[in-house]
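Understanding the architecture of this molecule
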Amino acid sequence: MSLKRIVMLGTGAVGKSAITLQYVSHYFANNYNPTIEDSFRTSITIGDDSYPIEILDTAGQEEFDALKDTYIRSGDGFAIVYSITSLTTFLEANEIRERIYRVLDKDPTQHIPICLVGNKSDLESERTVSKEQAEELARLWGISFIETSAKKKSNINELYQIIMKDVIDTKTKEDEEQKKLKEHEPTTKKSSKKQRNGKKSYKKIGCSVM
Ligand SMILES: Nc1nc2c(ncn2[C@@H]2O[C@H](COP(=O)(O)OP(=O)(O)OP(=O)(O)O)[C@@H](O)[C@H]2O)c(=O)[nH]1
Ligand SMILES: [Mg+2]
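In this text the structure is predicted, and so the values were computed from the model without any measurement.

**Some points on the sheet that holds strand β1 (residues 4-10)**
Spatially, the six strands line up as an open sheet ordered β2-β3-β1-β4-β5-β6, and their pairing is mixed. Across the chains shown, the open sheet's two edge strands, defined by having one partner strand only, are β2 (38-46) and β6 (144-147). With direction set aside, neighbouring strand axes in the sheet form an average angle of 25 degrees. Relative to strand β3 (residues 49-57), helix α1 (residues 16-25) is tilted by about 150 degrees, and along the sheet it contacts β1, β2, β3, β4 (77-83) and β5 (114-119).

**Here's the deal with helix α4 (residues 93-103)**
Within the sequence span of α4, burial applies to Ala-93, Ile-96 and Arg-97. Along the axis of α4, the buried positions cluster into a sector of 100 degrees, meaning they face one direction only. Away from its buried face by more than 90 degrees, α4 exposes Asn-94, Glu-95, Glu-98 and Arg-102. Where α4 is buried, its residues contact β1, β4, α3 (87-91), β5 and α5 (131-141). Positive backbone phi, at 55 degrees, marks Asp-105, one or two positions downstream of α4.

**Notes on the site of ligand 1**
Lining the immediate surroundings of ligand 1 are 24 residues, of which Gly-15, Ser-17, Ala-18, Thr-35 and Gly-60 lie closest. Broken down by element, the residue count for the shell around ligand 1 peaks at three residues, all from α1. Split into classes, the residues belonging to the shell around ligand 1 amount to nine nonpolar, eleven polar and four charged.

**As for unusual backbone geometry**
With a phi angle near 65 degrees, Ala-13 is a residue other than glycine that sits in the positive phi range. Residue position: Ala-13 is located in the loop between β1 and α1. With a phi angle near 70 degrees, Lys-120 is a residue other than glycine that sits in the positive phi range. Mapped onto the elements, Lys-120 comes out in the loop between β5 and α5. Overall, the presence of 26 C-beta atoms within 10 Å leaves Lys-120 in the buried class.

**Here's the deal with the pairing of β6**
Across four bridges, the pairing between β5 and β6 is parallel. The residue bridging Val-117 from the neighbouring strand is Ile-146, located in β6.

Thresholds applied
Residues numbered from 1 in each chain as written. Chains lettered and ligands numbered in written order. Predicted model: local features only at pLDDT ≥ 70, side-chain atom pairs only at ≥ 80, totals over all residues. Pairing = 2+ DSSP bridges. Helix = DSSP H or I, 4+ residues; strand = E, 2+ residues; numbered from the N terminus. Axes fitted to C-alpha atoms, helices over the stretch in contact; angles between N-to-C directions. Contact = placed C-beta atoms within 7 Å. Buried ≥ 20, exposed ≤ 12 C-beta atoms within 10 Å, placed from the backbone. Arc of directions from axis to C-beta. Near = placed C-beta within 6 Å. Nonpolar A, V, L, I, M, F, W, Y, C, P; charged D, E, K, R; others polar.

Right, here's the structure in full:
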């Protein structure tokens, strides 16, 4: 399978870079350096197979917004990250999800591999977003949900596993649909040939098809 891109989206300071760095480089940075744009190549193992992936870490702060649509357009899977200690960052998830659909020009009924991610789960005493309300929202949107802690390295590998499995499943389904569509093509050609051999003239059928 070709290189798959996972795009990290979410408001500033929710922990997109911390999650990415914990996954790619196995360390946690306590200090906050707002990201402009970053990308990291690595691989992920699912079952017996290893897949090359690129993680695109986007800017949460609005002044660095320019490249975000380009990153979204190139993405195969998406993490919408909020902090469990900030209701505002959770409420912004909807806008981000709508932006993904708009940029990819997808119909709301179409599935896009997105995972809603409640980060900073180690800060339980500061929690303002309950697990239940996030689960409910993810169910409503038909996407997956996980709580993570970049600091404690909790559910970090699991997060990328969830997204990548969704990417693979979605791609398999799309390929099957394409195959089905192709299987119908010769039938259509056959029937038009039959029509041409029939009593009606070629020209007349040509007009009616048009
Ligand atoms: N306690 C705790 N702090 C975290 C966690 N993840 C990130 N942080 C801290 O939150 C702050 C922001 O983290 P970043 O990873 O830089 O946030 P970001 O979403 O990449 O921010 P932008 O690049 O501006 O969009 C930093 O001080 C991190 O140390 C976590 O799981 N637990
Ligand atoms: Mg960052």
